[in-house]
Amino acid sequence: DVITFNIAPGGFQSIQPFVQLPELTDPAGVTIDGFTQPGGASAGANPPLTATLLIEINGSMCISGPPLFTCHGLVIRSPNNIIRGLIINNFKQDGILVRPTPTRTFNNMIYCNFIGTDPTGTLIQWNGQDMTQLWAGVYIGALNAGTAYNNTVSSNLVSGNYAEGVGIMSCPPAVDVYSNQVIHNYIGTDKTGIVPMGDIHDGVYIGEGAHHN
């Protein structure tokens, strides 16, 4: 399945969900492709520096169920998903959560997104705003039983989030998180890679039994 965008009249568009978006659970995978929005969306030759992104998923209005009544941006619970070309900001919990599952969560690609910034990549609009736990821009792991491996976070801008930019965590023996890669991202800067826009605690955190990342 491929989710494409063609929101008139083209150019930048902001989507503000009122409830948690459906989790990605199809084992065949889903591609959510923000680069399809007309008006010049592109990764360019050297993302995230050269990226122009036009689809924003803004969580400022999102309310879920108890106990926290707040939302993650996107939740991945299956293999073979691709998330690319999106601006993901203002969510109360994680921007993108890759959740381990008993059926294995693997081979997911998070590519060339702005996570925790505005569309220009120069202003902080952070995820993790309820601050009841240490959320992340991209979080691989959770406390439920399962496995998550071979997931890739590549060429993204991940800045200003509470608490980590990218968190990779395992809680053995029920959860096993390993062999995930964080490659060629700008973490804790603006889009240029020059101006500091730090995530509140860590740029990248790997711990609690996560291994071979």
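Residues numbered from 1 in each chain as written. Predicted model: local features only at pLDDT ≥ 70, side-chain atom pairs only at ≥ 80, totals over all residues. Heavy atoms only, no water.

Visitor: Got a minute to help me understand the sheet that holds strand β7 (residues 86-89) in this structure?
Guide: Two strands in a sheet stick together by hydrogen bonds in their backbones, pointing the same way (parallel) or opposite ways (antiparallel). If you walk across this open sheet you meet the six strands as β2-β4-β7-β11-β15-β19, and the pairing is parallel. Edge positions in the open sheet fall to β2 (13-15) and β19 (186-187), since each of these has one partner strand only. In this sheet, strand β11 (residues 114-115) lies alongside β7 in parallel orientation, the contact comprising two bridges. Across the sheet, the residue bridging to I87 is F114, located in β11. (Pairing = 2+ DSSP bridges. Helix = DSSP H or I, 4+ residues; strand = E, 2+ residues; numbered from the N terminus.)

Visitor: Explain the layout of surface pockets here, please?
Guide: It is a probe the size of a water molecule, rolled over the atoms, that shows where empty space is left. For the second largest pocket, the calculated volume is near 220 Å³. Taken together, I3, F5, I15, P17, L21, P22, E23, L24, I32, I57, L74 and L86 make up the lining of the second largest pocket. In terms of residue class, the lining of the second largest pocket is built from eleven nonpolar, no polar and one charged. (1 Å grid on protein atoms, 1.4 Å probe; cavity = no way out; pocket = protein on both sides within 12 Å on 5 of 7 lines; lining within 4 Å. Points joined across faces, edges and corners; volume = space filled by probe spheres on them. Nonpolar A, V, L, I, M, F, W, Y, C, P; charged D, E, K, R; others polar.)

Visitor: For this particular structure, what's the right way to read the pairing of strand β4 (residues 55-58)?
Guide: Of the two faces of β4, the one carrying I55 and I57 and the one carrying E56 and N58 are both buried. Of the strand pairs in this sheet, β2 and β4 are connected by three bridges, and their pairing is parallel. Bridging across to β4, S14 finds its partner in E56. Taken together, the four bridges between β4 and β7 define a ladder with parallel strand orientation. Bridge pairing links I55 to L86 in β7. (Buried < 20%, exposed > 50% of the residue type's maximum accessible area, 1.4 Å probe, protein only.)

Visitor: Would you explain the packing of aromatic side chains in this entry?
Guide: In the structure shown here, the tally under the stated rule is two aromatic pairs. A centroid spacing of 5.2 Å and a plane angle of 10 degrees characterise the contact between F106 and Y149, whose relative ring orientation is stacked. A residue pair is termed long-range when its members are at least 10 positions apart, and F106 in strand β9 (residues 105-106) and Y149 in strand β13 (residues 146-149) qualify at 43 residues. Since its relative accessible area comes to 11%, Y149 is described here as buried. Considering the side-chain rings of Y149 and Y178, the 5.1 Å spacing of their centres and the 5 degrees angle between planes classify their relative orientation as stacked. With Y149 in strand β13 and Y178 in strand β17 (residues 175-178), the pair connects residues that are 29 residues apart, well separated along the chain. For Y178, a relative accessible area of 23% translates into the label partly exposed. Three or more aromatic residues link up through ring pairs in this structure, and these residues are F106, Y149 and Y178. (Phe/Tyr/Trp six-rings, centres within 6.5 Å; stacked < 30°, edge-to-face > 60°.)

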